[in-house]
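These are the residues of each chain, in order.
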Amino acid sequence: AQSVTQLGSHVSVSEGALVLLRCNYSSSVPPYLFWYVQYPNQGLQLLLKYTSAATLVKGINGFEAEFKKSETSFHLTKPSAHMSDAAEYFCAVAGNQFYFGTGTSLTVIP
Amino acid sequence: DTEVTQTPKHLVMGMTNKKSLKCEQHMGHRAMYWYKQKAKKPPELMFVYSYEKLSINESVPSRFSPECPNSSLLNLHLHALQPEDSALYLCASSPIGLAGELFFGEGSRLTVL
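Below, the structure is looked at part by part. (Residues numbered from 1 in each chain as written. Chains lettered and ligands numbered in written order. Predicted model: local features only at pLDDT ≥ 70, side-chain atom pairs only at ≥ 80, totals over all residues. Heavy atoms only, no water.)

Some remarks on the overall build of chain A
Link 1 in the chain: If you tally the helices and strands in chain A, you get 0 helices and 11 strands.
Link 2 in the chain: Reading chain A from its N end, one meets helices and strands in the order β-β-β-β-β-β-β-β-β-β-β.
Link 3 in the chain: What you see for chain A is a C-alpha radius of gyration of 13 Å, in line with the 13 Å of a compact globule of 110 residues.
Link 4 in the chain: Overall, the C-alpha framework of chain A stretches about 40 × 25 × 20 Å when taken along its three principal axes. (Helix = DSSP H or I, 4+ residues; strand = E, 2+ residues; numbered from the N terminus. Rg over C-alpha atoms; globule rule 2.2 N^0.38 Å.)

Encoded structure:
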């Protein structure tokens, strides 16, 4: 069975500061992992995905995530937060269906 | 074309009404999904169609009735809904296979009075 856990339902950062959103996974097989972003009143948009190629995955809008098997983690980072990054972020793992984490709401403080 | 299009964007209905939500994609994806999402929560899977056949029904009440007329279209028929059914309903599609990501539409915001 697959699952993901997102630590921290709310994260606040100052504009220009590092963004770090945490995701840990549980999977009995090599996982396919995803980060999605959701802006208010919109659908989910794929930021990036890990499919067992490079462990450091670069996505859209300057985000990247590193797959660490030893830590069962797939944390999302961005070196410098922008006001437009304020949104809800979901980590997900693909099994016989997609399993989403509970989400992290990112607030960017001017 | 990498879009999933959902209509209507907003729907208000009474508990005795019958309405439908529609979803369309032209990416050649053979898996299509309906999700329900409450505010600040992750999407909850309702139905999955694979090759136009219902493959997953997550114990959804019968007042929600899905339909997949062809490989590009997905409908969700609504009847006798309850106020607690008010939510954002998201359609998604994906290629068949584990590595294929979900492509989401913008959603239909449903309010049941």
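Details of the nonpolar core
Link 1 in the chain: With 27 residues, the main nonpolar core has Trp35, Leu48, Phe74, Leu76 and Tyr89 of chain A as its most contacted residues.
Link 2 in the chain: Residue assignment for this core shows that the elements contributing at least two residues are strand 2 (10-14), strand 3 (19-26), strand 4 (32-38), strand 5 (44-50), strand 7 (64-68), strand 8 (73-78), strand 9 (87-94) and strand 11 (104-109) of chain A.
Link 3 in the chain: Contact partners of Phe74 of chain A, with chain neighbours within four places excluded, come to Cys23, Leu33, Phe34, Trp35, Leu48, Tyr50, Val57, Ala65, Glu66 and Phe67 of chain A.
Link 4 in the chain: Membership of the second largest hydrophobic core comes to 23 residues, among which are Trp34, Phe47, Cys91 and Val112 of chain B. (Core = buried A, V, L, I, M, F, W, Y, C linked by side-chain atoms within 4.5 Å. Buried < 20%, exposed > 50% of the residue type's maximum accessible area, 1.4 Å probe, protein only. Contact = heavy atoms within 4.5 Å.)

Some remarks on the environment of Cys91 of chain A
Residue and element names in this part refer to chain A.
Link 1 in the chain: Its location among the elements puts Cys91 in strand 9.
Link 2 in the chain: Judged by relative accessible area, Cys91 falls into the buried class, the value being 0%.
Link 3 in the chain: The spatial distance from the C-alpha of Cys91 to the C-alpha of Thr72 is 13 Å, given a sequence separation of 19 residues.

Here's the deal with the state of the cysteines
Link 1 in the chain: Counted under the stated rule, the structure contains 2 disulfides over all chains.
Link 2 in the chain: In this model Cys23 of chain A forms its disulfide with Cys91 of chain A; the gap between the sulfur atoms is 1.9 Å. An S-S torsion of about -60 degrees defines the bridge between Cys23 of chain A and Cys91 of chain A as left-handed. In this pair, Cys23 of chain A sits in strand 3 while Cys91 of chain A sits in strand 9, placing the two residues 68 residues apart along the sequence.
Link 3 in the chain: Cysteine Cys68 of chain B is unpaired, with the sulfur of Cys91 of chain B as its nearest cysteine sulfur at 9.2 Å. (Disulfide = S-S within 2.5 Å.)

Quick word on the pairing of strand 11 of chain A
Residues and elements named next belong to chain A.
Link 1 in the chain: Where strand 2 and strand 11 come together, 5 bridges link them in parallel fashion. Bridge assignment links Val13 to a residue of strand 11, and that residue is Val108.
Link 2 in the chain: Looking at chain direction, strand 9 and strand 11 are connected through 3 bridges and run antiparallel. Along strand 11, the bridge assignment pairs Ala87 with Leu106. (Pairing = 2+ DSSP bridges.)

Examining the sheet that holds strand 6 (residues 56-58) of chain A
Residues and elements named next belong to chain A.
Link 1 in the chain: Spatially, 5 strands are ordered 1-3-8-7-6 in an open sheet, and the strand pairing comes out antiparallel. Each having just a single partner strand, strand 1 (3-7) and strand 6 make up the two edges of the open sheet. Taking the axes of each pair of neighbouring strands and ignoring which way they run, one obtains an average angle of 20 degrees across the sheet. (Axes fitted to C-alpha atoms, helices over the stretch in contact; angles between N-to-C directions.)

Thoughts on the sheet that holds strand 8 (residues 73-79) of chain B
Two orientations exist for strands paired in a sheet by backbone hydrogen bonds: parallel and antiparallel.
Residue and element names in this part refer to chain B.
Link 1 in the chain: Overall, antiparallel pairing links the 4 strands, which are arranged 1-3-8-7 in an open sheet. Sheet topology places strand 1 (4-7) and strand 7 (64-70) at the edges, where each strand pairs with a single neighbour. This sheet shows a mean twist of 20 degrees between the axes of neighbouring strands, independent of strand direction.
Link 2 in the chain: Two strands pair when backbone bridges link them, and strand 3 (residues 18-25) and strand 8 are joined in this way by 7 bridges, in the antiparallel orientation. When the sheet's bridge partners are listed, Leu21 is paired in strand 8 with Leu76.

What to know about the side chain of Glu88 of chain A
Link 1 in the chain: Structurally, the position occupied by Glu88 of chain A is in strand 9.
Link 2 in the chain: Judged by relative accessible area, Glu88 of chain A falls into the buried class, the value being 9%.

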